[in-house]
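Residue-level listing of the chains:
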Amino acid sequence: MTPPSDSSDRSTPEQARAVAIVPAAGRGERLGFGVPKALVPVRGTALLTHAVRGLLDAGCVRHVVVAAPPTEVESTAALLRDEGLAADVVAGGADRTESVRLALRHAIKVVPDARVVLVHDAARCFTPAHVIRAVVAAVAAGAPAVIPVLPMADTVKQVDFGGTVLATPDRAALRVVQTPQGFDLATLTRAYAEAGDSATDDAGLVEKIGVPVATVPGHAYAMKITTPFDLAIAEFVLSAGVAP
Ligand code: CTP
Ligand code: MG
């Protein structure tokens, strides 16, 4: 599903200084495989392997740091090494925010001159290379925070705790958010220092410190694999060889 990298699209020196953080320390409870979701195979290859290969093949990421379940650090490092993929693997935390924080701390140590940092869910392992490049390019061009988004297909309702509808937000102003999310390294570091409580995405922390978040077009293939249904879709699309 991830198209081959386009060798005519040479990364700029700023883009080449991008470091990618891959939170992969979740348990995958909704998928229900009994193993961490990042290790679940699609067409015989672990989601995490697809995700890391996609980042490296995009041609604009210099270094990858994976946050793995603490008990799976060695096995995850071995898995990636056996696939010939260069990545550092660190122990993740109790929630996604903590996993990103731990991986970010490592990234700053090993690539202190990184300018762009991507945060990319292992569960969105089929994000096309052109989306990854667009996010990096937008940050390299000066945006402090950039997220890939899609228009909403469904109408969304706001409800109270009892499930009664309170309001219908204007769908035209809503977007579905994907990863990789890209940041100026200094901005993301500050967001984690100043607003680092739990958030469902990293841009949410950046919003809390008052920094504007820009958007670029996402892609259907950047869907998050959460349930067995999502996994079945990923298997089908990959086996059908449908180009993004
Ligand atoms: N993640 C993480 N550390 C955690 C929890 C989640 O690094 N403590 C990662 C997951 O591995 C995944 C991404 O954050 O790549 C998005 O989380 P989600 O899709 O919720 O994955 P899981 O937490 O594994 O799934 P579930 O919530 O169904 O258990
Ligand atoms: Mg989760």
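Residues numbered from 1 in each chain as written. Chains lettered and ligands numbered in written order. Predicted model: local features only at pLDDT ≥ 70, side-chain atom pairs only at ≥ 80, totals over all residues. Heavy atoms only, no water.

Here we come to the layout of surface pockets. If you add up the space inside the largest pocket, you get close to 790 Å³. Lining the largest pocket are 31 residues, with Gly26, Arg27, Arg30, Lys37 and Arg96 sitting closest to its centre. (1 Å grid on protein atoms, 1.4 Å probe; cavity = no way out; pocket = protein on both sides within 12 Å on 5 of 7 lines; lining within 4 Å. Points joined across faces, edges and corners; volume = space filled by probe spheres on them.)

Attention now goes to the site of ligand 1. Near ligand 1 lie 18 residues; those nearest to it are Pro23, Gly28, Glu29, Lys37 and Ser99. The contact in question runs from an oxygen atom of ligand 1 to an N or O atom on the backbone of Gly26, over 2.9 Å. Contact between ligand 1 and Ser99: a nitrogen atom at 2.7 Å from a side-chain N or O atom of the residue. Burial of ligand 1 by the protein amounts to 87% of the accessible area it has alone, namely 560 Å². With respect to the pocket detection grid, ligand 1 is positioned in the largest pocket. When grouped by side-chain class, the residues that make up the shell around ligand 1 number six nonpolar, four polar and eight charged. (Near = heavy atom within 4 Å. Polar contact = N/O pair within 3.5 Å; in protein donor to acceptor, adjacent residues only side chain to side chain. Areas by Shrake-Rupley, 256 points an atom, 1.4 Å probe, with all protein chains shown as cover. Sits in = over half its atoms within 2 Å of the grid points. Nonpolar A, V, L, I, M, F, W, Y, C, P; charged D, E, K, R; others polar.)

For the structure shown, the criterion picks out nine salt bridges. Put simply, Asp121 and Arg96 hold a salt bridge, and the shortest N to O gap is 2.9 Å. Linking Asp121 in the loop between β6 (116-119) and α5 (129-140) with Arg96 in helix α4 (residues 96-110), this pair joins segments that are 25 residues apart in sequence. Across the salt bridge formed by Arg124 and Asp121, the nearest N and O atoms sit 3.7 Å from each other. (Salt bridge = Lys/Arg side-chain N within 4 Å of Asp/Glu carboxyl O. Helix = DSSP H or I, 4+ residues; strand = E, 2+ residues; numbered from the N terminus.)

So, about the packing of α4 against helix α6 (residues 185-194). For the pair α4 and α6, the least separation of the axes is 11 Å and the interaxial angle reads 135°. On the basis of the axis angle, α4 is oblique to α6. Relative to α6, the crossing made by α4 is left-handed. Touching Thr97, Val100, Arg101, Leu104 and Ile108 of α4 are Leu185, Leu188, Thr189 and Tyr192, all from α6. In terms of residue class, the contact of α4 with α6 is built from six nonpolar, two polar and one charged. (Axes fitted to C-alpha atoms, helices over the stretch in contact; angles between N-to-C directions. Parallel < 35°, antiparallel > 145°, perpendicular 65-115°, else oblique. Left-handed = near helix turned anticlockwise from the far one by under 90°. Contact = heavy atoms within 4.5 Å.)

Once that is clear, we can look at the packing of helix α2 (residues 47-57) against helix α3 (residues 73-82). How two helices pack is summed up by the angle between their axes together with the distance between the axes. Running from N to C, α2 and α3 point in directions that differ by 55°, and their axes come no closer than 10 Å. The angle between α2 and α3 falls in the class oblique. You can see that α2 and α3 cross each other, and the crossing is right-handed. In this structure, α2 uses Leu48, Thr49 and Val52 to contact α3, whose residues at the interface are Thr76, Leu79 and Leu80. Of the residues contributing to the contact of α2 with α3, the split by class is four nonpolar, two polar and no charged.

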